[in-house]
Amino acid sequence: MGREVGRICLALALLLGLSLVVVSPGYAQEVIDIQGQVRNGTAEAEVPQGLAVTLQIFSSGQDLETRETVADEQGRFLFEGVSGGTGHGYIITAEYLGVLYSYESDYPLPQEPVDLVVYETTNSSEAIRGTGYTLLVDTADSKSQIMSAYELVSLENIGDRTFVASISEGEAMDFLRFSLPAAATNLSVRSDMQEGQIILVNQGFALITSVLPGPHEVEFSYTTPFEGGKLSFSHSFPFGVDAFRVLLRQDLGQIQGTGMQEVDPLLFGTDMFQHLEALNLVPGAKVTLDFSGLPQPSPWQRWQDAMPGGDLTMYALPGTFGMALLVLLAYVLLRRRKISRGASEA
């Protein structure tokens, strides 16, 4: 009896082991080869030889592995035995003349070899063109006399060389320049270009980065004070622009700009925006913007500011006013949410 039980246990163990052997291939990770070609996108330029090519492998957002190889004389490269499968992603990069070029793809990769394009460089921005420029103002606070603005700039490098900004001594400085009001603060800048440096320059800021051939976007936001319901500042367009648009929420005031035409207002969410437009501005053009009728402090706010302790006087008022303040706060938060949702829908 004991021997029979032992044989049964042994048979079950063997069966379990066999089941594991049969099932495990179903969970095996797929292995693929990634081959590609480094190509020089600048006319009549040679393919760089001996270029180091790096592969980063991701799975479900996690960094799995980084590999490196060297392209041959024709620019060909190969990564063998790369893990693959659903959820995998790949970034292939190569640095040429100080500029990083990349190719990104999720699994599965295309059947044809990866095309990794590099370019020769130039320190001249003559091939940079502005295709679109939008200034949006959706907040102007009557008490603080602070206006918030958001700007979106679309650029294109129409040449076949990567523009590398120059700020070296002894050289003519050439970089991406953007206008700001003189007293602007809280500047925040984002771009789809490579990480660079932001420096403040006269009447604005400059973005020191590399601009590859093709379209790009820069977006930035800031706050600026205004006084007496008015604000004026100039916008410069060193690269020109196909279309410059200004949008101001209608309940905040009015806007005029030199050479700009008023077109049909736009509806974002539940808010209507005054809409000005100027087309085909040449490189070096300037537009002066004049905001008027911006919100002013109410008599109550002026009196409150004049009282010792400023805002602290609010907390000494009866509970009825405190409840009204909570209602007002809820309204402000709801309005901000609507503005954000409207801007994203636009």
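All of these numbers come straight from a predicted model, not from anything done at the bench.

Caption draft 1: Fine view of the overall build of the protein. Secondary structure summary: the protein contains three helices and 23 strands in total. The buried share of the protein, reckoned over its 346 residues, is 38%. Of the contacts formed within the protein by residues at least 6 apart in sequence, a portion of 69% connects residues at least 24 apart. Working note: accessible area of the protein is about 20200 Å², and carbon and sulfur atoms make up 54% of it.

Caption draft 2: Fine view of the pattern of salt bridges. Under the criterion given, the structure shown has six salt bridges. Between Arg-245 and Glu-277 there is a salt bridge whose closest N-O contact spans 3.1 Å. Of this pair, Arg-245 sits in strand β19 (residues 241–249) while Glu-277 is found in strand β22 (residues 271–281), placing the two residues 32 residues apart along the sequence. Owing to a relative accessible area of 29%, Arg-245 belongs among the partly exposed residues under this scheme.

Caption draft 3: Structural context of the side chain of Thr-42. The residue Thr-42 is located in the loop between β1 (30–40) and β2 (52–59) in this model. Overall, the relative accessible area of 4% leaves Thr-42 in the buried class. A polar atom in the side chain of Thr-42 sits 2.9 Å from the backbone nitrogen of Glu-120. Not counting residues up to four positions away in its chain, the partners in contact with Thr-42 are Val-118, Tyr-119, Glu-120, Asp-160 and Arg-161.

Caption draft 4: Representation of the sheet that holds strand β20 (residues 254–257) within the structure. The antiparallel open sheet is built from three strands, whose spatial order is β18-β23-β20. On the outer flanks of this sheet lie β18 (231–237) and β20, each paired with one strand and no other. Each adjacent strand pair in this sheet contributes to an overall mean axis angle of 20°, direction not counted. In this sheet, strand β23 (residues 285–292) lies alongside β20 in antiparallel orientation, the contact comprising four bridges. Residue Ile-255 lies in a different strand from β23, and its bridge partner there is Phe-291.

Caption draft 5: Region of interest: the pairing of β2. By the bridge criterion, eight bridges tie β2 to strand β3 (residues 62–70) in an arrangement that is antiparallel. Paired with Val-53 across the two strands is Thr-69, which belongs to β3. Counting the residues between successive antiparallel strands, the hairpin from β2 to β3 contains two residues, one of them, Ser-60, with a positive phi of roughly 55°. Relative to strand β5 (residues 88–96), β2 is paired through seven bridges, and the arrangement is antiparallel. Counterpart to Ile-57 in the pairing with β5 is Tyr-90.

Rules used in this analysis
Throughout, residues of each chain are indexed from 1 in the direction in which the sequence is written. Local features in this predicted model are restricted to residues whose pLDDT is 70 or higher, and side-chain atom pairs enter the listing and the counts only when it is 80 or higher, whereas totals over whole chains, interfaces and linings include all residues. No hydrogens and no water enter the side-chain calculation; it runs on all heavy atoms of the structure. What counts as a helix is a DSSP run of H or I of at least four residues, what counts as a strand is a run of E of at least two, and both are numbered from the N terminus. Categorising residues by exposure relies on relative accessible area from a 1.4 Å probe, with only protein chains included: less than 20% of the type maximum marks a residue as buried, more than 50% marks it as exposed, and the intermediate range marks it as partly exposed. Residue contacts follow a heavy-atom distance rule, with two residues in contact if any of their heavy atoms lie within 4.5 Å. For the accessible areas, the method is Shrake-Rupley and the probe is 1.4 Å, while residue cover comes only from the protein chains on display. Every case where a carboxyl oxygen of Asp or Glu lies within 4 Å of a side-chain nitrogen of Lys or Arg is listed as a salt bridge. Here a polar contact means two N or O atoms within 3.5 Å. Within protein one must be a hydrogen donor candidate and the other an acceptor candidate, and residues neighboring in sequence count only if both atoms are side-chain atoms. Strands are treated as partners if at least two bridges between them are detected by DSSP. Structural elements are reduced to axes, namely lines fitted to C-alpha atoms, with helices fitted over the stretch in contact, and the angle between N-to-C directions of any two is expressed from 0 to 180 degrees.

The values reported here are purely geometric and, on their own, carry no functional implication.
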